[in-house]
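For reference, the chains in residue letters:
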Amino acid sequence: MTLDPERCITCGDVAVTARVIEVRGQTATVELADHREQVGIELVEEVALGDLLLCHAGIALEKVASTQ
Amino acid sequence: MRFVDEFRSGELAQKLTREIVSLVEAGRTVKIMEVCGGHTHAIYKHGVEDLVPPEIDFVHGPGCPVCVIPMGRVDDAISLAERPGVIFTTFGDMLRVPGGRGSLLEAKARGADVRMVYSPLDALEIARRNPDREVVFFAIGFETTAPATAVTLLRARTEGVRNFSAFCNHVTIGPPLRAILESPGLRLDAFIAPGHVSTVIGTRAYDFIVSEYARPVVVTAFEPIDILQAVVMVLRQLRDGRREVENQYTRVVRRDGNRRAVAAIEETMELRDTFEWRGLGWIEESGLRLRPEFADWDAEIRFELPGVRIEDPKACQCGEVLIGAIKPWECRVFGTACTPERPIGTCMVSSEGACAAYYNYGRLARRRDRVPV
């Protein structure tokens, strides 16, 4: 995932939240502010379009409950 | 859209700060260890320390994987990177970490094929595209990063990618916390526990801190409002005489964590008998290695490594910083011989390291100028 340049990717706590715009097999395309990324979704159950995923180091770690 | 705006509200920060002021007892210091370097970074980036009253003392913990990697393991990585035919892949943060023989960046300057990746899956893709080369991934990090390595290993096995391997340095967060709690003379009142590690291992993983050491724990996210709210939750526990593991980060973290992620780690990795931590020494059952079933993808088995233990530079006090015994500015080389441009210790290399956080946000000396609330 593209990160805040001040942050350190080795630390898992720079994971970012992104919205799913496409699902294809074990890979989802997620959208951030200005770009898209592909992440592995093996570890998260039933990923659907529009879901918010917590992503780190190229994989989704968890679904994020909406704060809206 | 970054989904964080509501967690940076100045109005809410002021409200929480007023509650913190009302909960502290004048003159009685409350020492709260924020375990994760991500929290340390957020506290200084957003000026949280200046918002809270001086009775709140943030003690910076060992939860920065770059900071705790011993120099000998960096030398092992450099040895792998300098092998003919190897493409060595690593997260960018590890490039400047000094070992006994310099850094990976210096090895790259000498001609080693060292490449920065954002994901081990990127390293696997490099292996697919370079079938005549050996691609090694420098696997490092806590339980948040280990699942990415696990998924990559499982994909490598499924696809039969044989020219990919991982140099495994993954560590677990529980054992160093226990080691810190066992440190003689170190007084801590409570813990702010890492949010994203807890996404994987769940809040249940900290039960021992309550049951065996009677300290409050609040699992916390990484925005300033999250951290202020966690301080309120800690202070309420202390006021009420409660000792619990509470979850501030309910939008992501669950009590049992992510069982699929834990299963992926357990399928590919197992605990080492012992592992060396910078500043903390050898800690039993704190590090992970690949399981024998993944020997074909284990760089430590496929390649010969020096495996030499390197003493930390004598001037460097990262070890004391990492257990919260001293503040970064109390280190004898902080901001003088040791800077982010020319780091001596790992805490200054990683942007999540406590020393780098202090240096980058101007904490060159102790200052507690209060913001009126």
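Cut-offs and rules
Residues numbered from 1 in each chain as written. Chains lettered and ligands numbered in written order. Predicted model: local features only at pLDDT ≥ 70, side-chain atom pairs only at ≥ 80, totals over all residues. Helix = DSSP H or I, 4+ residues; strand = E, 2+ residues; numbered from the N terminus. Rg over C-alpha atoms; globule rule 2.2 N^0.38 Å. Buried ≥ 20, exposed ≤ 12 C-beta atoms within 10 Å, placed from the backbone. Contact = placed C-beta atoms within 7 Å. Pairing = 2+ DSSP bridges. Nonpolar A, V, L, I, M, F, W, Y, C, P; charged D, E, K, R; others polar. Domains from an automatic or database assignment. pLDDT = per-residue confidence, 0-100. Expected span 1.5 Å × (residues − 1).

## Comments concerning the overall build of chain B
Here comes step 1: Scanning chain B for helices and strands turns up 17 helices and 13 strands.
Here comes step 2: Computed over C-alpha atoms, the radius of gyration of chain B comes to 21 Å, within 12% of the 21 Å expected from 2.2 N^0.38 for 373 residues, which places it in the range of a compact globule.
Here comes step 3: With respect to the three principal axes, the spread of C-alpha positions in chain B is 65 × 45 × 45 Å.
Here comes step 4: When the 373 residues of chain B are sorted by exposure, 54% land in the buried category.
Here comes step 5: Look at the contacts in chain B between residues 6 or more apart in sequence, and 78% of them connect residues 24 or more apart.

## Thoughts on the pairing of strand S2 (residues 56-63) of chain B
Residue and element names in this part refer to chain B.
Here comes step 1: Within S2, seven of the eight residues are buried, which leaves the element mostly enclosed by the surrounding structure.
Here comes step 2: In this structure, strand S1 (residues 30-36) lies alongside S2, joined through six bridges in parallel fashion. The residue of S2 that forms the bridge with Lys31 is Asp57.

## With respect to the interface of chain A and chain B
Here comes step 1: Taken together, the contacts link 27 residues of chain A with 44 residues of chain B.
Here comes step 2: At the level of elements, strand S4 (52-56) and strand S5 (59-63) of chain A are the ones that each hand at least two residues to the side of chain A that touches chain B.
Here comes step 3: By residue class, the composition of the side of chain A that touches chain B is 15 nonpolar, seven polar and five charged.

## Concerning the domain arrangement of chain B
All names here are of chain B.
Here comes step 1: Domains assigned within chain B are domain 1 (5-63 + 174-247), domain 2 (67-171 + 287-302) and domain 3 (318-359).
Here comes step 2: Each of domain 1 and domain 2 has a C-alpha centre, and the two are 33 Å apart.
Here comes step 3: With eight residues of domain 1 at the contact, the number on the domain 2 side is six residues.
Here comes step 4: The set of elements that each furnish at least two residues to the side of domain 1 that touches domain 2 consists of S2 and helix H10 (195-201).
Here comes step 5: Per-element tally for the side of domain 1 that touches domain 2: the top contributor is H10, with five residues.
Here comes step 6: Of the residues that constitute the side of domain 1 that touches domain 2, the class distribution is four nonpolar, four polar and no charged.

## Thoughts on the confidence of the model for chain A
Here comes step 1: Predicted confidence across chain A gives a mean pLDDT of 82, with 75% of residues reaching 70 or more.
Here comes step 2: A low-confidence stretch, residues 1-5 of chain A stays under pLDDT 50, and its non-local contacts, those more than four residues away or across chains, total eleven contacts.

## Observations regarding the environment of Glu311(B)
Here comes step 1: With respect to the element layout, Glu311(B) can be found in the loop between helix H14 (299-302) and helix H15 (318-322).
Here comes step 2: Spatially, the C-alpha atoms of Glu311(B) and Pro53(B) are 39 Å apart, while their sequence positions differ by 258 residues.

## Here we look at helix H2 (residues 37-45) of chain B
Residues and elements named next belong to chain B.
Here comes step 1: A large share of H2 lies buried, amounting to eight of its nine residues.
Here comes step 2: Buried residues of H2: Gly37, Gly38, His39, Thr40, His41, Ala42, Ile43 and Tyr44, and no others.
Here comes step 3: Taken from the residues just after H2, Gly47 is the one with a positive phi, measuring 70°.

## What about helix H8 (residues 146-159) of chain B?
Think of an α-helix as 3.6 residues a turn; residues three or four steps apart then line up on the same face.
Here comes step 1: The end-to-end C-alpha distance of H8(B), which contains 14 residues, comes to 20 Å, matching closely the 20 Å that a straight helix rising 1.5 Å per residue would cover.
Here comes step 2: When H8(B) is considered as a whole, its buried residues turn out to be Ala146(B), Pro147(B), Ala148(B), Thr149(B), Ala150(B), Val151(B), Thr152(B), Leu153(B) and Ala156(B).

## Thoughts on unusual backbone geometry
Here comes step 1: Even without glycine at this site, Glu46(A) takes up a positive phi of about 45°.
Here comes step 2: Of note, Glu46(A) is situated in the loop between strand S3 (36-40) and S4.
Here comes step 3: For Glu46(A), a count of 8 C-beta atoms within 10 Å corresponds to the exposed category.
Here comes step 4: With phi around 50°, Glu285(B) is a residue other than glycine that occupies positive phi space.
Here comes step 5: By the secondary structure assignment, Glu285(B) is in the loop between strand S12 (281-284) and strand S13 (288-290).

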